[in-house]
Amino acid sequence: EDSFVSDARLAEQVKQAREDKLKIIMAHENDPDRGGCLFAKFFETTPQELIDGGLYSDLARSCFSGVHREVSLMLLAKELGATRQGASAG
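The paragraphs below set out a description of the structure included in this document. As a convention, each chain's residues are numbered from 1 in the sequence order in which they are written. Given that the model is predicted, a residue must reach a pLDDT of at least 70 before its local features are reported, and side-chain atom pairs must reach 80 or more before they are shown or counted; all residues, however, enter totals for whole chains, interfaces and linings. Side-chain figures throughout are based on the complete set of non-hydrogen atoms in the structure, without hydrogens or water.

What counts as a helix is a DSSP run of H or I of at least four residues, what counts as a strand is a run of E of at least two, and both are numbered from the N terminus. Secondary structure assignment for the protein chain yields five helices and two strands. Listing each helix as α and each strand as β along the protein chain from the N terminus yields α-α-β-α-α-β-α. Only protein chains enter the area calculation, which uses a 1.4 Å probe; residues under 20% of their type maximum are buried, those over 50% are exposed, and those in between are partly exposed. Counting all 90 residues of the protein chain, 26% fall into the buried class. The contact criterion used throughout is that any non-hydrogen atoms of two residues lie within 4.5 Å. Taking contacts inside the protein chain between residues at least 6 apart in sequence as the whole, the part at least 24 apart equals 63%.

As structure tokens, this is what we get:
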């Protein structure tokens, strides 16, 4: 909710990452007990320059609570490059 508000350097870091063509993967915490908020809140706190530059053109990976938490985190991990490890050959 306060990502860009609580850390003024974050906007500059995101801007530089985008200029450097780095892949940005966004995770959106939905659980209020974990500091989550409605996604619309980001449009109020993100610098307009980043919004206009297409920061949110890709979907954020939602992290849900309750029974959906494990699947949400596994999908986020996959997006970050995690792979499933199979049983060891023995």
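Next, the rest of the story.
Any pair of Phe, Tyr and Trp rings, taking the six-membered ring for Trp, is counted once the centres come within 6.5 Å. Such a pair is stacked with planes under 30 degrees apart, edge-to-face with planes over 60 apart, and tilted for the rest. Across all of its chains, the model carries four aromatic pairs by this definition. Their ring planes at 75° and their centres at 5.5 Å tell us that Phe-39 and Tyr-56 sit as a pair that is edge-to-face. One end of the pair, Phe-39, is in the loop between strand 1 (27-29) and helix 3 (42-45); the other, Tyr-56, is in the loop between helix 4 (48-52) and strand 2 (61-63), with 17 residues separating them in the sequence. Overall, the relative accessible area of 15% leaves Tyr-56 in the buried class. Through a chain of ring-to-ring contacts, three or more aromatic side chains come together here, namely Phe-39, Phe-42, Phe-43 and Tyr-56.

Quick look at the side chain of Thr-46 now. With respect to the secondary-structure elements, Thr-46 resides in the loop between helix 3 and helix 4. By the criterion applied in these results, polar contacts are pairs of N or O atoms within 3.5 Å in which, for protein atoms, one can donate a hydrogen and the other can accept it, and in which residues neighboring in sequence qualify only through two side-chain atoms. Separated by 2.6 Å, the side chain of Thr-46 and the backbone oxygen of Phe-42 make a polar contact.

This paragraph deals with unusual backbone geometry. Positive phi outside glycine occurs at Lys-21, with the angle close to 60°. The topology assignment puts Lys-21 in the loop between helix 2 (8-19) and strand 1. Lys-21 gets classed as exposed once you look at its relative accessible area, which sits at 72%.

So, on to the pattern of salt bridges. For this analysis, a salt bridge means a side-chain nitrogen from Lys or Arg found within 4 Å of a carboxyl oxygen belonging to Asp or Glu. In total, this model carries six salt bridges according to the counting rule given. For Lys-15, the salt bridge is made with Glu-49, and the minimal N-O distance between the two is 3.2 Å. Within this pair, whereas Lys-15 is found in helix 2, its partner Glu-49 is found in helix 4, the two being separated by 34 residues in sequence. Classification of Lys-15 by relative accessible area gives partly exposed; the value is 26%. Residues Arg-69 and Glu-29 are paired through a salt bridge, measuring 2.8 Å at the closest nitrogen-oxygen approach.

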